[in-house]
Amino acid sequence: MTVTHKDMANAIRALSMDAVEAAKSGHVGAPLGLADVATILWTKHLKHDPATPDWADRDRFVLSNGHGSMLLYSLLHLTGYDSVTRDDIRNFRQLGASTPGHPENFVTPGVETTTGPLGQGIATAVGMAMAERHLNARFGDDLVDHHTWVIAGDGCLMEGISQEAITLAGHMQLSKLIVLFDDNAVTIDGSIDLADETDQCARFEASGWVTRKIDGHDPAAIDEALSWAKTQDKPVMIACKTRIGYGAPTIEGTGKAHGGPYGADEIAGIRENIGWPHPPFEIPTEIEAAWAEGGKHAQAEHAAWGERLNASGQAGAFTSAMVGELPADLDAQVLAHKEAVIAGGKSDATRKWSGAALEVLTKAIPEMVGGSADLSGSNNTKTAVTAPMTPDNWGGRYVHYGIREHAMAAAMNGMALHCGIIPYSGTFLIFSDYSRAAIRLGALMGIRVIHVMTHDSIGLGEDGPTHQPVEQVTSLRAMPNMLVFRPCDGVETAECWQLALSNTGGPSTMALTRQGIASLRKDATGNPSAKGAYVISEAKGEAKAVILASGSEVELAVAAQESLAGEGIAVRVVSVPCMDLFEAQDEAYQEDVLGGDLPKVAVEAGVRQSWDRWIGRKGGFVGMSSFGASAPYKELYKHFGITAEAVVAAVKARI
């Protein structure tokens, strides 16, 4: 048989509807509607090699509307990726299969990013496209020259993060970013006009993009538009007019076509309407062969790229950057910095100590790319060696994200997923709530992203309760696979940065003070912060209790220790810069630090919940149980009873 475009697109439709029907769960409407667009993209335009899913100069493909995951799994399977077998498709959404309900990059090689929460994919793709341009500036066209492709639906473009993302991309003139909008005018509730009247092309154009409208079921029009898109000097959005649930006899083009098993009669009707007489999960050999051949269309480009890499004289540096290796002498550089902090002996805010550490780290690690959501001077994230990244200077290592906290977090995810960049950026801790969905996805994906969150408590003072984090530190500690650091001085801050950079299996949050606090550590050797908690000030005599604290409140704990010592009561002070790392230690170490059954009191200018694991229900807690207030910070600490005197009283009540 002569295999046509229709045959190949219908193979996607068949696998997708059969998988969803077998699972009795899933979303087949988008794969049915997008099969024509995806077929042209993956067999003619997407630069990829199924034999090497992690080829560094491959195009990145992001399915932002991740509920349509069977579209991606069908593409991976048909083009020859080993990660998705026919059995995986038969077991769609089942435990142990490489075909989970939404695409998960840590489960399925060939999936570039985890998507599902709408809007995250397109925002993550912006970070990927920025990474491509930055690495192109560093290593040249021969090694880095690829596109980032996104398929996004109405839901992605309604989510607020999409506005942050598309305006950032337009401002940055990301000409290698191409969004294919699944313009089917339908959401779950029904016709799009139930909830939205936006002219998406006008919206994108107003944000600095170029756009085009095409028939998403016309293969020639699709092919021509994708070729055109690759020649533009701005980011591109192509509105592909499609019919959701393509071929479904009674629900095509309706909200009912979005998801769920269609049922035997509707599936039979689709088979008849699209001309697919084959049994479930069966693809004719000739069509399979055509898809396999289509999957190989960029293999020659891959081979040529490998030759260029070997001849470039940059293979070692390029590979090291893509792997994310840290300098061999980093420990020595951090030690020297800590010794300088101790020698200085001054009180300062941990946000400023963080800035001082970054001056050392960004000079030593060229892969570090920083930024801030319009708070550079407050977050102290910009250093002497991190010039702004702009369309005129892609080699810059600092992104002015503007007031776009959510897109900033998602873009950093994209940079980390792309590889070649270690992203960090700053905002106020309270605004972690704005970016939480992207932060959570980073934790789920296990990628190295560092969130610098300053102004971490009521200690920020006069800006008041709208800006004062109370529950945020505890909330972030509750997130699996997230390291939350709250250092107590300049030495701990440097150690926590070192740990965050070494944490290749997940993101880290640096919770840093606005107000100045004392320099407590007098020993720079080792990295006791790596244990998560350690004795920062031992009892002068037999300990009667243990005081635990993090961040700015360690200073209060030490003051309380001194006051109690004056009354003949010896207590131990434990600094807890990272509960997650302390949780990872063995029980013997934990018991040794916590003093076994000794009474315990914790002090932190936040809510109690995350401390109960360590102090128990009967342990004392000095902290917040309400929102804050507007006043100078020293007055606030007194007003809310977060004082050395309150810690002393809590200890006395338990011994």
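Higher on the page you've got the structure.
A quick note: this is a predicted structure, and the numbers were derived from the prediction, not measured.

(A) Examining the environment of Val603 more closely. Residue placement: Val603 occurs in strand 17 (residues 600-603). Separated by 40 residues in the primary sequence, Val603 and Thr643 have C-alpha atoms spaced 9.0 Å apart.

(B) Spotlight on the pattern of salt bridges. On inspection of all chains with the given rule, the structure shows 25 salt bridges. Its salt-bridge partner being Arg13, residue Asp36 comes within 2.7 Å of it at the nearest N-O pair. With Asp36 in helix 2 (residues 29-45) and Arg13 in helix 1 (residues 5-23), this pair connects stretches of sequence that are 23 residues apart. Exposure class is identical for Asp36 and Arg13. Each is buried. With its nearest N and O atoms 2.5 Å apart, the salt bridge here joins Asp145 to Lys176. Here the residue Asp145 occupies a position in the loop between helix 5 (120-139) and strand 2 (148-153), and Lys176 occupies one in the loop between helix 7 (160-172) and strand 3 (177-183), the gap between them amounting to 31 residues. A relative accessible area of 15% means that Lys176 is categorised as buried.

(C) Inspection of the packing of aromatic side chains at higher detail. Within the structure shown, the criterion is met by 13 aromatic pairs. Judged by centre distance (5.3 Å) and plane angle (80°), the rings of Trp42 and Phe61 are edge-to-face. Here Phe61 lies in strand 1 (residues 60-63) and Trp42 lies in helix 2, a separation of 19 residues in the sequence. According to the relative accessible area criterion, Trp42 is buried, its value standing at 2%. Here Phe61 falls in the buried class, since its relative accessible area comes to 6%. Centroid distance Trp305 to Phe318: 6.0 Å. Interplanar angle 65°. Geometry classified as edge-to-face. Of this pair, Trp305 sits in helix 12 (residues 299-311) while Phe318 sits in helix 13 (residues 315-323), and the two are 13 residues apart along the sequence.

(D) Summary view of the sheet that holds strand 14 (residues 534-537). With respect to topology, five strands assemble into an open sheet ordered 14-16-15-17-18, the strand pairing being mixed. Because the sheet does not close on itself, it has two edges, and the strands there are strand 14 and strand 18 (620-622). Neighbour-to-neighbour, the strand axes of this sheet turn through a mean angle of 30°, independent of strand direction. Bridge analysis of strand 14 against strand 16 (residues 571-575) gives three bridges, and the strand direction is antiparallel. Its bridge partner being in strand 16, Tyr534 is matched across the sheet by Ser575. Strands strand 14, strand 15 (545-549), strand 16 and strand 17 of the sheet are contacted by helix 23 (residues 587-594), whose axis makes an angle of about 130° with strand 16. Of the strands in this sheet, strand 15, strand 16, strand 17 and strand 18 touch helix 26 (residues 644-652), which is tilted by about 160° from strand 17.

(E) Representation of unusual backbone geometry in the model. Unlike most non-glycine residues, Arg93 shows phi in positive territory, near 70°. For Arg93, the position within the fold is in the loop between helix 4 (86-90) and helix 5. Unusually for a residue other than glycine, Cys419 sits at a positive phi of about 80°. By secondary structure assignment, the location of Cys419 is in the loop between helix 17 (405-418) and strand 10 (422-428). By relative accessible area, which is 29% here, Cys419 ends up partly exposed.

(F) Seen up close, helix 11 (residues 285-295). Every buried residue of helix 11 is listed here: Ile287, Trp291, Gly294 and Gly295. Within helix 11, the buried residues cover an arc of 100° as seen down the axis, which keeps them to one side. In helix 11, the exposed positions that point more than 90 degrees away from the buried face belong to Thr285 and Glu293. For helix 11, the secondary structure elements touched by its buried residues are helix 1, helix 2 and helix 3 (69-79).

(G) View of the state of the cysteines. Counting across every chain of the model gives zero disulfides. Cysteine Cys156 remains unbridged, with the sulfur of Cys240 as its closest cysteine sulfur at 14 Å. On the accessibility criterion, Cys156 (0% relative accessible area) is buried. Of all cysteine sulfurs, the one in Cys578 lies closest to Cys496, which takes part in no disulfide; the gap is 7.1 Å.

(H) Quick look at the packing of helix 1 against helix 10 (residues 264-274). Running from N to C, helix 1 and helix 10 cross one another at 175°; their axes reach a closest spacing of 11 Å. By the angle between their axes, helix 1 is roughly antiparallel relative to helix 10. Mapping the contact onto sequence places Lys6, Asn10, Arg13, Met17, Asp18 and Glu21 in helix 1 and Ala264, Ile267, Ile270, Arg271 and Ile274 in helix 10.

(I) A look at the side chain of Ser550. Locating Ser550 in the fold gives a position in the loop between strand 15 and helix 21 (553-566). For Ser550, the side chain forms a polar contact with the side chain of Glu604, separated by 2.4 Å. Residues in contact with Ser550, not counting those within four places in the same chain, are Arg477, Arg486, Val576, Val603, Glu604 and Trp611.

(J) Representation of the pairing of strand 13 (residues 508-512) within the structure. A large share of strand 13 lies buried, amounting to five of its five residues. Both strand 11 (residues 450-454) and strand 13 contribute to a ladder of five bridges, which runs parallel. The residue bridging Val452 from the neighbouring strand is Met510, located in strand 13. Viewed along the sheet, the connection from strand 12 (residues 483-485) through helix 20 (residues 490-502) into strand 13 turns out right-handed.

(K) Summary view of a negative patch on the surface. On the surface, a cluster of negative charge is contributed by Asp586, Glu587, Glu591 and Asp597. Relative to the elements of secondary structure, Asp586 occurs in the loop between helix 22 (579-583) and helix 23.

(L) Region of the structure containing the environment of Ile403. Following the sequence through the fold, Ile403 ends up in the loop between strand 9 (398-400) and helix 17. Residue Ile403 is classed as exposed on the basis of its relative accessible area, which comes to 61%. Separated by 24 residues in sequence, Ile403 and Thr427 place their C-alpha atoms 9.3 Å apart.

(M) Expanded view of helix 23. Three or more residues of helix 23 are buried, namely Gln590, Val593 and Leu594. Seen end-on, helix 23 carries its buried residues on one side only, within an arc spanning 90°. Pointing more than 90 degrees away from the buried face of helix 23 are the exposed residues Ala588 and Asp592. Each element contacted by the buried residues of helix 23 is listed here: strand 14, strand 15, strand 16, helix 22, strand 17 and helix 24 (612-615). Directly beyond the C-terminal end of helix 23, a positive phi value near 75° is found at Gly595.

Calculation criteria
- Residues numbered from 1 in each chain as written.
- Predicted model: local features only at pLDDT ≥ 70, side-chain atom pairs only at ≥ 80, totals over all residues.
- Heavy atoms only, no water.
- Helix = DSSP H or I, 4+ residues; strand = E, 2+ residues; numbered from the N terminus.
- Salt bridge = Lys/Arg side-chain N within 4 Å of Asp/Glu carboxyl O.
- Buried < 20%, exposed > 50% of the residue type's maximum accessible area, 1.4 Å probe, protein only.
- Phe/Tyr/Trp six-rings, centres within 6.5 Å; stacked < 30°, edge-to-face > 60°.
- Pairing = 2+ DSSP bridges.
- Axes fitted to C-alpha atoms, helices over the stretch in contact; angles between N-to-C directions.
- Contact = heavy atoms within 4.5 Å.
- Arc of directions from axis to C-beta.
- Disulfide = S-S within 2.5 Å.
- Parallel < 35°, antiparallel > 145°, perpendicular 65-115°, else oblique.
- Polar contact = N/O pair within 3.5 Å; in protein donor to acceptor, adjacent residues only side chain to side chain.
- Right-handed = clockwise from strand over helix to strand, strands pointing away.
- Patch = residues over 30% accessible without salt bridge, like charges linked within 9 Å, V, L, I, M, F, W, Y side chains within 5 Å.
- Areas by Shrake-Rupley, 256 points an atom, 1.4 Å probe, with all protein chains shown as cover.
- Lys, Arg positive; Asp, Glu negative; His and termini not counted.
- Charge placed at Lys NZ, Arg CZ, Asp CG, Glu CD.

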